[in-house]
Amino acid sequence: MMALGTLLRKPPLPPGSCRSFWGWLNAVFNKVDHERIRAVGPDRAASEWLLRCGALVRYQGSPKWQQDYNALPTGPLGRHRIEAISATDSCIMYRGFDYLDGLEHVRDIRLEKCMYIQDQCLQRLGETTNLQRSLQRLEIISCGNVTDTGILALHRLANLKYLYLSDLPGIREKEKTFRVLQQALPKLELELDLE
(Lines give C-alpha, C1' and ligand atoms only; values in the text may rest on other atoms or scores of the structure.)
Protein backbone atom coordinates (compact mmCIF):
# COMPACT_ATOMS: atom_id res chain seq x y z
CA MET A 1 0.00 0.00 0.00
CA MET A 2 1.31 3.47 -0.97
CA ALA A 3 1.95 5.93 1.85
CA LEU A 4 -0.35 8.96 2.03
CA GLY A 5 2.65 11.30 1.76
CA THR A 6 3.62 9.74 -1.54
CA LEU A 7 0.12 10.26 -2.94
CA LEU A 8 -0.02 13.90 -1.85
CA ARG A 9 3.45 14.81 -3.09
CA LYS A 10 3.30 17.06 -6.09
CA PRO A 11 5.38 16.13 -9.11
CA PRO A 12 8.39 18.38 -9.60
CA LEU A 13 7.82 21.44 -11.74
CA PRO A 14 9.55 21.47 -15.10
CA PRO A 15 12.66 23.67 -15.21
CA GLY A 16 11.81 27.34 -15.83
CA SER A 17 8.10 26.99 -15.09
CA CYS A 18 8.27 29.24 -12.01
CA ARG A 19 10.13 31.87 -14.02
CA SER A 20 7.57 31.74 -16.82
CA PHE A 21 4.77 32.19 -14.28
CA TRP A 22 6.39 35.40 -12.97
CA GLY A 23 7.01 36.59 -16.51
CA TRP A 24 3.34 36.04 -17.30
CA LEU A 25 2.25 37.85 -14.14
CA ASN A 26 4.56 40.79 -14.88
CA ALA A 27 3.12 40.99 -18.39
CA VAL A 28 -0.38 41.14 -16.88
CA PHE A 29 0.72 43.98 -14.56
CA ASN A 30 1.98 45.89 -17.63
CA LYS A 31 -1.17 45.52 -19.71
CA VAL A 32 -2.45 48.98 -20.60
CA ASP A 33 -6.05 49.78 -19.70
CA HIS A 34 -7.03 52.70 -21.95
CA GLU A 35 -10.47 52.95 -20.37
CA ARG A 36 -8.83 53.41 -16.97
CA ILE A 37 -6.62 56.18 -18.37
CA ARG A 38 -9.71 57.99 -19.67
CA ALA A 39 -11.60 57.46 -16.40
CA VAL A 40 -8.97 58.59 -13.88
CA GLY A 41 -6.52 60.57 -16.00
CA PRO A 42 -3.02 59.74 -17.19
CA ASP A 43 -1.17 60.54 -13.96
CA ARG A 44 -3.39 58.39 -11.74
CA ALA A 45 -3.41 55.50 -14.24
CA ALA A 46 0.37 55.68 -14.67
CA SER A 47 0.79 55.79 -10.87
CA GLU A 48 -1.29 52.63 -10.53
CA TRP A 49 0.75 50.89 -13.25
CA LEU A 50 4.12 51.92 -11.80
CA LEU A 51 3.28 50.99 -8.21
CA ARG A 52 1.73 47.69 -9.33
CA CYS A 53 5.07 46.90 -10.97
CA GLY A 54 7.12 47.83 -7.91
CA ALA A 55 8.23 51.34 -8.92
CA LEU A 56 7.83 54.57 -6.95
CA VAL A 57 6.42 57.93 -8.03
CA ARG A 58 6.76 61.44 -6.66
CA TYR A 59 4.20 64.13 -7.37
CA GLN A 60 4.74 67.82 -8.05
CA GLY A 61 5.05 69.78 -4.83
CA SER A 62 5.70 66.71 -2.69
CA PRO A 63 9.08 65.62 -1.33
CA LYS A 64 7.68 62.17 -0.47
CA TRP A 65 7.91 59.12 -2.72
CA GLN A 66 4.61 57.26 -3.15
CA GLN A 67 5.18 53.54 -2.73
CA ASP A 68 1.92 52.15 -1.34
CA TYR A 69 -0.62 51.33 -4.04
CA ASN A 70 -3.42 51.33 -1.46
CA ALA A 71 -2.50 54.83 -0.27
CA LEU A 72 -2.52 56.56 -3.65
CA PRO A 73 -3.81 60.10 -3.20
CA THR A 74 -7.33 60.90 -4.29
CA GLY A 75 -8.85 64.11 -5.48
CA PRO A 76 -9.99 65.83 -8.61
CA LEU A 77 -8.72 64.69 -11.99
CA GLY A 78 -5.25 66.10 -12.66
CA ARG A 79 -4.58 67.22 -9.08
CA HIS A 80 -1.59 64.91 -8.53
CA ARG A 81 0.91 65.09 -11.38
CA ILE A 82 3.87 62.72 -11.59
CA GLU A 83 7.17 64.58 -11.48
CA ALA A 84 9.59 61.69 -10.86
CA ILE A 85 9.69 57.93 -11.35
CA SER A 86 12.05 55.55 -9.57
CA ALA A 87 11.80 52.12 -11.17
CA THR A 88 14.45 50.33 -9.10
CA ASP A 89 13.97 46.54 -9.17
CA SER A 90 10.61 46.99 -10.86
CA CYS A 91 8.99 44.84 -13.53
CA ILE A 92 7.99 47.66 -15.89
CA MET A 93 8.25 46.58 -19.50
CA TYR A 94 7.63 47.93 -22.98
CA ARG A 95 4.01 46.87 -23.17
CA GLY A 96 3.15 49.25 -20.30
CA PHE A 97 4.88 52.31 -21.73
CA ASP A 98 1.63 53.63 -23.25
CA TYR A 99 0.90 54.82 -19.71
CA LEU A 100 3.65 57.43 -20.16
CA ASP A 101 1.99 59.13 -23.14
CA GLY A 102 -0.22 61.52 -21.16
CA LEU A 103 2.35 62.49 -18.53
CA GLU A 104 3.31 66.14 -19.02
CA HIS A 105 5.36 66.90 -15.92
CA VAL A 106 7.89 64.05 -15.56
CA ARG A 107 11.31 65.59 -15.03
CA ASP A 108 13.26 62.67 -13.55
CA ILE A 109 13.33 58.92 -14.31
CA ARG A 110 15.57 56.31 -12.69
CA LEU A 111 15.71 52.82 -14.24
CA GLU A 112 17.81 50.55 -12.05
CA LYS A 113 18.02 46.76 -12.12
CA CYS A 114 14.98 46.54 -14.38
CA MET A 115 15.25 43.17 -16.06
CA TYR A 116 12.63 43.97 -18.71
CA ILE A 117 14.06 47.33 -19.79
CA GLN A 118 15.56 47.01 -23.25
CA ASP A 119 16.37 49.16 -26.29
CA GLN A 120 12.73 49.17 -27.38
CA CYS A 121 11.79 50.83 -24.06
CA LEU A 122 14.37 53.58 -24.47
CA GLN A 123 13.27 54.14 -28.06
CA ARG A 124 9.71 54.54 -26.74
CA LEU A 125 10.91 57.07 -24.14
CA GLY A 126 12.61 59.06 -26.89
CA GLU A 127 9.47 59.00 -29.06
CA THR A 128 7.08 60.13 -26.30
CA THR A 129 6.28 63.75 -27.15
CA ASN A 130 5.53 64.86 -23.60
CA LEU A 131 8.78 63.37 -22.31
CA GLN A 132 10.70 65.10 -25.09
CA ARG A 133 9.50 68.36 -23.56
CA SER A 134 9.62 67.60 -19.83
CA LEU A 135 12.32 65.00 -19.06
CA GLN A 136 15.49 66.60 -17.70
CA ARG A 137 17.21 63.81 -15.79
CA LEU A 138 17.57 60.12 -16.64
CA GLU A 139 19.55 57.41 -14.89
CA ILE A 140 19.97 53.92 -16.35
CA ILE A 141 21.77 51.50 -14.07
CA SER A 142 22.28 47.72 -14.29
CA CYS A 143 19.73 47.13 -17.03
CA GLY A 144 21.47 44.29 -18.85
CA ASN A 145 19.33 44.36 -22.01
CA VAL A 146 20.24 47.94 -22.96
CA THR A 147 22.66 48.37 -25.85
CA ASP A 148 24.12 51.25 -27.87
CA THR A 149 20.93 51.31 -29.97
CA GLY A 150 18.77 52.15 -26.96
CA ILE A 151 21.12 54.86 -25.71
CA LEU A 152 21.26 56.49 -29.14
CA ALA A 153 17.44 56.59 -29.23
CA LEU A 154 17.54 59.06 -26.34
CA HIS A 155 18.77 61.81 -28.70
CA ARG A 156 15.14 62.95 -29.16
CA LEU A 157 14.84 64.00 -25.51
CA ALA A 158 15.62 67.61 -26.35
CA ASN A 159 15.43 68.96 -22.78
CA LEU A 160 17.50 66.21 -21.18
CA LYS A 161 20.14 67.90 -19.04
CA TYR A 162 21.67 64.95 -17.17
CA LEU A 163 22.18 61.31 -18.15
CA TYR A 164 23.84 58.80 -15.84
CA LEU A 165 24.77 55.38 -17.23
CA SER A 166 26.24 52.61 -15.09
CA ASP A 167 26.79 48.86 -15.35
CA LEU A 168 25.41 48.41 -18.87
CA PRO A 169 27.35 45.50 -20.39
CA GLY A 170 25.36 45.69 -23.64
CA ILE A 171 27.03 48.97 -24.59
CA ARG A 172 29.87 47.92 -26.87
CA GLU A 173 30.83 51.06 -28.82
CA LYS A 174 31.04 53.54 -25.95
CA GLU A 175 33.06 56.31 -27.58
CA LYS A 176 31.04 56.40 -30.78
CA THR A 177 27.69 56.16 -29.00
CA PHE A 178 28.50 58.97 -26.56
CA ARG A 179 30.02 61.20 -29.24
CA VAL A 180 26.83 60.94 -31.34
CA LEU A 181 24.64 61.56 -28.28
CA GLN A 182 26.68 64.62 -27.22
CA GLN A 183 26.46 66.05 -30.74
CA ALA A 184 22.67 65.65 -30.73
CA LEU A 185 22.33 67.07 -27.18
CA PRO A 186 25.22 69.52 -26.68
CA LYS A 187 23.95 70.78 -23.29
CA LEU A 188 23.72 67.25 -21.88
CA GLU A 189 25.83 66.41 -18.85
CA LEU A 190 26.79 62.78 -19.37
CA GLU A 191 28.10 60.79 -16.41
CA LEU A 192 29.44 57.30 -17.07
CA ASP A 193 30.40 54.39 -14.87
CA LEU A 194 30.66 51.60 -17.43
CA GLU A 195 34.00 49.94 -16.71
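Numbering of residues starts from 1 in every chain and runs along the sequence as written. At least 70 in pLDDT is required for a residue's local features to be given in this predicted model, at least 80 for side-chain atom pairs to be given and counted, and no such filter applies to totals for whole chains, interfaces and linings, which use all residues. The basis for the side-chain values is all heavy atoms of the structure; hydrogens and waters are excluded.

K.L.:
How would you summarise the packing of aromatic side chains if you had to cite specific residues and measurements?
P.N.:
Between two aromatic rings, the relevant description is the distance of the centres plus the angle of the planes. Here is the rule: rings of Phe, Tyr and Trp (six-membered ring for Trp) pair when centre to centre is within 6.5 Å. Planes less than 30 degrees apart are stacked, more than 60 are edge-to-face, and the remainder are tilted. Applying the stated criterion to the full structure yields 2 aromatic pairs. Aromatic side chains tryptophan 49 and phenylalanine 97 sit 6.0 Å apart centroid to centroid with 70° between the ring planes, which places their arrangement in the edge-to-face category. Here tryptophan 49 is found in helix 4 (residues 42-52), whereas its partner phenylalanine 97 is found in the loop between strand 3 (82-86) and strand 4 (108-112), with 48 residues between them in sequence. A single burial state applies to tryptophan 49 and to phenylalanine 97, both of which are buried. Helix and strand definitions here come from DSSP, where helices need a minimum of 4 consecutive H or I residues and strands a minimum of 2 consecutive E residues; each element is numbered from the N-terminal end. Only protein chains enter the area calculation, which uses a 1.4 Å probe; residues under 20% of their type maximum are buried, those over 50% are exposed, and those in between are partly exposed.

K.L.:
Explain helix 4 to me, and be specific about the residues and the numbers.
P.N.:
Note: α-helices contain 3.6 residues per turn, so residues at a spacing of three or four share the same orientation. Within helix 4, 8 of the 11 residues are buried, which leaves the element mostly enclosed by the surrounding structure. All of the buried residues along helix 4 are Asp43, Ala45, Ala46, Ser47, Glu48, Trp49, Leu50 and Leu51. Looking one or two residues beyond helix 4, the residue adopting positive phi is glycine 54, at roughly 95°.

K.L.:
For the environment of lysine 176, give the residues involved together with the corresponding values.
P.N.:
Residue position: lysine 176 is located in helix 8 (residues 174-184). Here the alpha-carbon distance between lysine 176 and leucine 152, two residues 24 residues apart in the chain, equals 9.9 Å.

K.L.:
Lay out the state of the cysteines in plain terms, naming residues and giving numbers.
P.N.:
Cysteine sulfur atoms that pair up within 2.5 Å are treated as a disulfide. With the rule as written, the count across this model stands at 0 disulfides. The structure places no disulfide on cysteine 91, whose sulfur is separated from the nearest cysteine sulfur, that of cysteine 53, by 3.8 Å. Look at cysteine 91 and you get buried, because its relative accessible area is 9%. Cysteine 143 forms no disulfide, and the closest cysteine sulfur to it belongs to cysteine 114, at a distance of 4.6 Å.

K.L.:
An account of the sheet that holds strand 7 (residues 189-193) is requested, with residue identities and associated values reported.
P.N.:
By this definition, two strands are paired if DSSP reports at least two bridges between them. A sheet is described by the order of its strands in space; here 7 strands give the open sequence 2-1-3-4-5-6-7, paired in mixed fashion. In this open sheet, the two strands that pair with only one neighbour each are strand 2 (65-66) and strand 7.

K.L.:
Which residues make up the side chain of asparagine 130, and what are the values?
P.N.:
Within the fold, asparagine 130 resides in helix 6 (residues 129-134). In protein, a polar contact means a hydrogen-donor-capable atom and an acceptor-capable atom, both N or O and within 3.5 Å, with residues adjacent in sequence counting only if both atoms are side-chain atoms; elsewhere, any N or O pair within 3.5 Å suffices. Only 2.6 Å separates the side chain of asparagine 130 from the side chain of arginine 133, close enough to count as a polar contact. In what follows, residue pairs with any heavy atoms lying within 4.5 Å of each other are defined as contacts. Discounting chain neighbours no more than four positions away, the residues touching asparagine 130 are Asp101, Gly102, Leu103 and Glu104.

That's the geometry; what it means functionally is another story.
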